[in-house]
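Results of the structural survey
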Amino acid sequence: MRVWTLLLLLLLLLLLRSDAVHSDSEYLIGVGSYDITGPAADVNMMGYANAEQIASGVHFRLRARAFIVAQPEGNRVVFVNLDACMASQLVVIKVIERLKARYGDLYTEKNVAISGIHTHAGPGGYLQYVVYIVTSLGFVRQSFDVIVDGIVNTVVQAHENLRPGSIFVNKGELLDAGVNRSPSAYLNNPEAERSKYKYNVDKEMTLLKFVDDEWGPSGSFNWFATHGTSMSRTNSLISGDNKGAAARFMEDWFERKGSVRMDSVGLENDGIPRRISNIIPNVHDTYHKLLEIAASFQSPPGKPATKISSVARRVRGVLRQVDKPKFVSAFCQSNCGDVSPNVLGAFCIDTGRPCDFNHSTCGGKNELCYGRGPGYPDEFESTRIIGERQFRKAVELFNGASEQIKGKVDFRHAFIDLSQLEVNLSRVGVSEVVKTCPAAMGFAFAAGTTDGPGAFDFKQGDDQGNPFWKLVRNLIKTPGKEQIDCQHPKPILLDTGEMKLPYDWAPSILPIQILRVGQFVILSVPGEFTTMAGRRLRDAVRTVLSGNKGFGSNIHVVIAGLTNTYSQYVTTYEEYEMQRYEGASTLYGPHTLSAYIQEFTKLARALISGQPVEPGPQPPDLLDKQISLLTPVVMDATPIGVKFGDCSSDVPKNSTFKRGDMVSVTFWSACPRNDLMTEGTFSLVEFLQGKTTWVSAYDDDDFCLRFKWSRPFKLSSHSKATIEWRIPQDATPGVYRIKHFGAAKGLLGSIRHFAGSSSAFVVA
């Protein structure tokens, strides 16, 4: 009888174990996450190439997220997803150097992939080629270092978390998170090819679910194509845009799920998961009692703080078991080249009418044509909505993931010189050999896109060029006849591949890589493939792999865009002919896609045959040649009689706010470049628990809290930080206050950390 009772108890324990999935695990799995938020002041943002878009605060923090999958005593692969515009060749070089110093040959450029989500709201200056750091006034060492450090810490964390586990895959359609922003170019693809697809952008999201044998689900990574341009070219707050937001939402959802009432897919009624009601209890004091308590906490003077103060006050992690790895969710980028999150379409800001279909102009001007997100005219709301749509689909796929990944872990990697690669083409029984070209950017590149229009009289679809701008171009570098013929029909605006002063303007040597985990295959591409370009590459690799019985019949092939380095766009041959923005930004000429397909199929054949591949030419390390013209922080100061952290503008006395209201407090502050508060926070909302205990409720990682920094003029030593809190609909009634953490630089270079607090107020 005792034996049966014991067996019954064991069975009940297994059934009650949260999210347990029974499987015969053949992998070691580890996930990790680390802060990579760069300088939140003075640095130009990477993405729109708008010299006036200078960082001045934080919308929410940026992170690097990684997974490692290893076969015991066998191969392993690492995939790192960055809340950054793109990967950087120089970043990858230095990350691999540091990983090799720590782990030997366990992690190399062959089995490590580093991919960017393509947010256009992160600090720039971390790439090594001139054309990508012109607007950031050259190389920004602080941007570079925080990303390198963050990736290394993320991989180390994932490595130390390696434990037996299983992987599951699921995929499904997400219909309302992306539209084609260059439909006229897409329509130039063969009709027979277009007829094979229902949509002119890829609508499929593919998700991996990682399950720890002991703890249950430990993470999820998904790939879906949509641009990180919900935040506009005028935004100045650091933000992970829609994909960064989706990752925050899903990680918060997982930490909280099961502890509050959820809807049919495990989400709260407003769609965004919160943590506040888990952290603090409901209070039952009367309104008048709350006002009386709040009145006793007036804004104190700013005070010195330790460097770790802002780290210690972070919200996330409060609910997590100490010995349990935190859940990591990444929303990775795919073939997003012509996919915009501004799903309402492109309209003229002067007339409100749709833009010209072929050129995306309004009365001949590209500057007036803008895409509209679903929250138009509020870009923060558009970011939230597109992020939430991806998050909801990911939760659905996560909950329904049942196909288990099984089989080998393997990888292939090669460097190729795309400035002079021979490509074998076969067309209707005719074979010919063509070549790619040194990098060059066309006139339509300067026109920008409907997500971020350019300036002057450039326009998309220009296959002729402008005599005036050709004269200007020739003052910098006149392209030769061979280059002009090679790039045809692209009229060359900047011959970047042949510009070498003070060092290379564009990359020539690029990495290509395939990572395999069982029947799941990742194609790491160093650029932005358009929808049809991505389809052709996936199909070509899938055709090679499907001929091998080791993969089975159900092969999942995803493209990881903007991975390992950046080389702008890749269109189809037919799209290139149209010279929209994407075609003009396809650097290596009309046969660029054919070159990628040729070289990736070589990697795929080597993968299934078990043969090595030639490593190819090594890319340059240009760190020692980098030039920075960014003015350093000289010193910070406050007016006489004012301390760092003092309130400049407090909440009104005896304030009461409702859910949905905006609370704003301004502090005397210092330049955020003095300390990036890595794994910490500049801003904090605290809740009063009992009579004297303040509990962290919201911080820099929360979508509802914004940190805005400003100075009265460019070289002023005085500055202020405004913290805005949009009170969530599910905020617990009670007494709150807002805090600010910062670091000031003295005239002799010393750094002094400080903290400031607002007066308390009531949320009713």
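Residues numbered from 1 in each chain as written. Predicted model: local features only at pLDDT ≥ 70, side-chain atom pairs only at ≥ 80, totals over all residues. Heavy atoms only, no water.

The protein chain is annotated in an unreviewed UniProt entry as Neutral ceramidase from Vigna unguiculata. Listed in UniProt under the heading Catalytic activity (unreviewed entry), the comment for the protein chain reads: "an N-acylsphing-4-enine + H2O = sphing-4-enine + a fatty acid". (UniProt positions renumbered as here; feature names shortened; annotations may be inferred.)

Take the overall build of the protein chain next. Broken down by element type, the protein chain carries 16 helices and 39 strands. For 764 residues, the compact-globule formula gives about 27 Å, and the C-alpha radius of gyration of the protein chain, at 26 Å, lands near that figure. Dimensions along the principal axes, computed over C-alpha positions, put the protein chain at roughly 85 × 80 × 55 Å. For the protein chain, with 764 residues in total, the buried portion stands at 61%. For the protein chain, the proportion of contacts with a sequence separation of at least 24, taken over those separated by at least 6, is 78%. Roughly 29,600 Å² of accessible area belongs to the protein chain as shown, and the carbon and sulfur atoms make up 55% of that amount. (Helix = DSSP H or I, 4+ residues; strand = E, 2+ residues; numbered from the N terminus. Rg over C-alpha atoms; globule rule 2.2 N^0.38 Å. Buried < 20%, exposed > 50% of the residue type's maximum accessible area, 1.4 Å probe, protein only. Contact = heavy atoms within 4.5 Å. Areas by Shrake-Rupley, 256 points an atom, 1.4 Å probe, with all protein chains shown as cover.)

Moving on, we get to the pairing of strand β28 (residues 556–560). With 5 of 5 residues buried, β28 lies mostly within the body of the structure. Burial of the side chains of β28 extends over both faces: His556, Val558 and Ala560 are buried on one face and Val557 and Ile559 on the other. As paired elements, strand β26 (residues 520–524) and β28 share 5 bridges and run parallel to each other. Paired with Leu523 across the bridge in β28 is Ile559. (Pairing = 2+ DSSP bridges.)

Bringing the domain arrangement of the protein chain into the picture now. Structurally, the protein chain comprises domain 1 (27–258 + 323–419 + 504–625) and domain 2 (632–763). Taking the mean C-alpha position of each, domain 1 and domain 2 sit 33 Å from one another. Between domain 1 and domain 2, the contact holds 26 residues from the first and 21 residues from the second. Across the domain 1/domain 2 interface, buried area totals approximately 2,000 Å², and carbon plus sulfur atoms make up 53% of it. On inspection of domain 1 and its partner domain 2, the count reaches 5 salt bridges. In this structure, Asp701 engages Arg248 in a salt bridge whose closest nitrogen and oxygen atoms are separated by 3.4 Å. Summed over the shared surface of domain 1 and domain 2, the number is 12 residue pairs in polar contact (both at pLDDT 80 or more). (Domains from an automatic or database assignment. Buried area = accessible area lost by both parts, 1.4 Å probe. Salt bridge = Lys/Arg side-chain N within 4 Å of Asp/Glu carboxyl O. Polar contact = N/O pair within 3.5 Å; in protein donor to acceptor, adjacent residues only side chain to side chain.)

Once that is clear, we can look at the sheet that holds β28. Here we have 4 strands laid out as an open sheet, ordered β18-β25-β26-β28, and mixed in their pairing. The open sheet has two edge strands with one neighbour each: β18 (409–417) and β28. Strand after strand, the sheet turns through a mean of 15° between neighbouring axes, direction not considered. Contacts from helix α13 (residues 531–546) reach β26 and β28, with the element oriented near 140° to β28. (Axes fitted to C-alpha atoms, helices over the stretch in contact; angles between N-to-C directions.)

On to the side chain of Ser669. Within the secondary structure, Ser669 is located in strand β32 (residues 662–669). Within the local environment of Ser669, its side chain forms a polar contact with the side chain of His740, the two groups lying 2.8 Å apart. The contacts of Ser669, once residues within four sequence positions are left out, are Phe644, Trp709, Ser719, Lys720, Ala721, His740 and Phe754.

Okay, the state of the cysteines next. Counted according to the given criterion, the structure contains 3 disulfides. With its sulfur 2.1 Å from that of its partner, Cys348 forms a disulfide with Cys362. Disulfide Cys348-Cys362: the torsion about the S-S bond is -95°, which places it as left-handed. Here Cys348 is found in strand β15 (residues 345–348), whereas its partner Cys362 is found in the loop between β15 and β16 (369–372), with 14 residues between them in sequence. (Disulfide = S-S within 2.5 Å.)

This part is about the sheet that holds strand β35 (residues 705–710). If you trace the 7 strands from one edge of the open sheet to the other, you get β7-β2-β3-β35-β36-β32-β30, paired in antiparallel fashion. Every interior strand has two partners, whereas the edge strands, β7 (122–123) and β30 (647–649), have only one.

Let us look at the packing of helix α6 (residues 241–256) against helix α10 (residues 379–400). Orientation of α6 relative to α10, taken along the N-to-C sense of each, is 45°, at an axis distance of 8 Å. The orientation of α6 with respect to α10, classified from their angle, is oblique. Crossing hand, α6 versus α10: right-handed. Along its contact with α6, which presents Asp241, Asn242, Lys243, Ala245, Ala246, Phe249, Met250, Trp253 and Phe254, the element α10 presents Thr383, Arg384, Ile386, Gly387, Glu388, Gln390, Phe391, Ala394, Val395, Phe398 and Asn399. (Parallel < 35°, antiparallel > 145°, perpendicular 65-115°, else oblique. Left-handed = near helix turned anticlockwise from the far one by under 90°.)

Turning to the packing of α13 against helix α16 (residues 592–609), a few remarks are in order. Relative orientation of the contacting elements α13 and α16 amounts to 25°, with a least axis distance of 9 Å. One finds that α13 runs roughly parallel with respect to α16. Judged by the twist between their axes, the crossing of α13 over α16 is right-handed. Counted together, Ala533, Arg536, Leu537, Ala540, Val541, Val544 and Leu545 of α13 and Leu593, Tyr596, Ile597, Phe600, Thr601, Ala604, Arg605, Leu607 and Ile608 of α16 form the full contact between these two elements.

A cis amide bond, omega 10°, links Tyr376 with the succeeding residue Pro377. With respect to the helices and strands, Pro377 occurs in the loop between β16 and α10. Residue Pro489 is bonded to the preceding His488 through a cis peptide linkage, with omega at 10°. Tracing the chain through its elements places Pro489 in the loop between α12 (481–487) and β24 (492–494). Its identity is not glycine, yet Glu73 carries a phi of approximately 60°, on the positive side. On the secondary structure map, Glu73 appears in the loop between β4 (63–70) and β5 (76–82).

Another aspect to go through is a nonpolar patch on the surface. Together, Val634, Met635, Leu747 and Leu748 line one region of the surface with nonpolar side chains, adding up to about 460 Å² of accessible area. On the secondary structure map, Leu748 appears in the loop between β37 (734–745) and β38 (751–757). The exposure class of Leu748 is exposed, given its relative accessible area of 86%. (Patch = residues over 30% accessible without salt bridge, like charges linked within 9 Å, V, L, I, M, F, W, Y side chains within 5 Å.)

This paragraph deals with α13. The terminal C-alpha atoms of α13, which comprises 16 residues, lie 22 Å apart, in line with the 22 Å expected from a rise of 1.5 Å per residue. Burial runs high along α13: 12 of the 16 residues are buried. Of all the residues in α13, the buried ones are Thr531, Met532, Ala533, Gly534, Arg535, Arg536, Leu537, Arg538, Ala540, Val541, Val544 and Leu545. (Expected span 1.5 Å × (residues − 1).)

For strand β13 (residues 328–332), a buried count of 5 out of 5 residues is recorded, marking the element as mostly surrounded by other parts of the structure. Of the two faces of β13, both are covered, the one formed by Val328, Ala330 and Cys332 as well as the one formed by Ser329 and Phe331. Relative to β13, strand β11 (residues 216–223) runs parallel, the two being bridged by 5 bridges. Each bridged residue has a counterpart across the sheet, and for Gly219 the counterpart in β13 is Val328.

Attention now goes to the layout of surface pockets. There is about 1,100 Å³ of room inside the largest pocket. Lining of the largest pocket is provided by 45 residues; of these, Tyr48, Ala49, Met441, Phe445 and Ala446 occupy positions nearest its centre. Among the secondary structure elements, those contributing two or more residues to the lining of the largest pocket are β2 (41–46), β22 (448–449), β23 (452–453), α11 (467–476) and β24. The element that contributes the greatest number of residues to the lining of the largest pocket is α11, accounting for 4 residues. Within the lining of the largest pocket, the residues separate by chemical class into 26 nonpolar, 14 polar and 5 charged. (1 Å grid on protein atoms, 1.4 Å probe; cavity = no way out; pocket = protein on both sides within 12 Å on 5 of 7 lines; lining within 4 Å. Points joined across faces, edges and corners; volume = space filled by probe spheres on them. Nonpolar A, V, L, I, M, F, W, Y, C, P; charged D, E, K, R; others polar.)

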